[in-house]
Amino acid sequence: MAPDNNGDDYVYDEASGEWVSGADVAVKEEASDTVEVRDSVGNLLADGDQVTLIKDLTVKGAGQTLKRGTLIKSIRLTGDAQEIDCRYDGIKGLVLRAEFVRKR
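Being a predicted model, the structure only gives us computed values, none of them experimental.

Chemist: Got a minute to help me understand the pattern of salt bridges in this structure?
Modeler: Any two side chains of opposite charge can pair if their charged atoms end up close together. Scanning the entire structure with this criterion turns up 4 salt bridges. Put simply, aspartate 85 and arginine 76 hold a salt bridge, and the shortest N to O gap is 2.9 Å. For the salt bridge of glutamate 99 with arginine 97, the shortest nitrogen-to-oxygen distance reads 3.1 Å. Residue classification places glutamate 99 among the partly exposed residues on the basis of a relative accessible area of 37%.

Chemist: What am I meant to see in the nonpolar core here?
Modeler: As a rule of thumb, soluble globular proteins bury nonpolar side chains together. Membership of the largest hydrophobic core comes to 16 residues, with the highest contact counts inside it found for Leu45, Val51, Ile75, Ile84, Leu94, Leu96 and Val101. Those elements that provide at least two residues to this core are strand E5 (51-53), strand E6 (57-59), strand E10 (83-88) and strand E11 (91-97). It is E11 that provides the largest number of residues to this core, a total of 3 residues. Setting aside chain neighbours within four positions, we find valine 101 in contact with Asp39, Ser40, Leu45, Val51, Thr52, Leu53, Ile54, Ile84 and Leu96.

Chemist: Help me understand unusual backbone geometry, please; the structure alone is not making it clear to me.
Modeler: What is expected of a backbone is that most residues other than glycine have negative phi and most peptide bonds are trans. Phi is positive for serine 74, which is not a glycine, with a value near 55 degrees. Mapped onto the secondary structure, serine 74 falls in the loop between strand E8 (71-72) and strand E9 (76-77).

Chemist: Can you help me understand the sheet that holds E11 in this one?
Modeler: Two modes of strand pairing occur in sheets, parallel and antiparallel, and in both the strands are linked by backbone hydrogen bonds. An order of E9-E10-E11 is seen for the 3 strands of this open sheet, with the pairing classed as antiparallel. The open sheet terminates on both sides in strands that have one partner only, identified here as E9 and E11. As judged from the 5 bridges shared by E10 and E11, these two strands associate in the antiparallel manner. Note that in E11 the partner of glutamate 83 across the bridge is arginine 97.

Here is what the cut-offs are and how they apply
Residues numbered from 1 in each chain as written. Predicted model: local features only at pLDDT ≥ 70, side-chain atom pairs only at ≥ 80, totals over all residues. Heavy atoms only, no water. Salt bridge = Lys/Arg side-chain N within 4 Å of Asp/Glu carboxyl O. Buried < 20%, exposed > 50% of the residue type's maximum accessible area, 1.4 Å probe, protein only. Core = buried A, V, L, I, M, F, W, Y, C linked by side-chain atoms within 4.5 Å. Helix = DSSP H or I, 4+ residues; strand = E, 2+ residues; numbered from the N terminus. Contact = heavy atoms within 4.5 Å. Pairing = 2+ DSSP bridges.

Put into structure tokens, the structure is as follows:
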């Protein structure tokens with residue numbers, strides 16, 4: 001039987017071998033579902049951020065090169081720790097690797 005503290009539900013955490021409150025478990029599970037996306041220098045990226053390219057990138061299928069220093073506005077996170085979705089004039093469905101951008 002789980003220990004009871006003022007009606008709070010407790011759950012046995014097999015990883016740590018301890019009883020933890022249900023609220024702590026919910027917060028921990030929610031945090032594990034979110035993916036942290038970091039730019040080339042380690043800044044945390046979020047939806048809507050502006051980023052700058054740190055090197056020239058050839059865009060496959062578009063036949064053009066994005067130059068270093070190009071500003072990309074309003075990025076969207078994809079759920080992958082290394083990919084960001086963005087828009088740029090003349091290129092639809094542009095996905096950039098986070099290692100090639102720096103947060104502005």
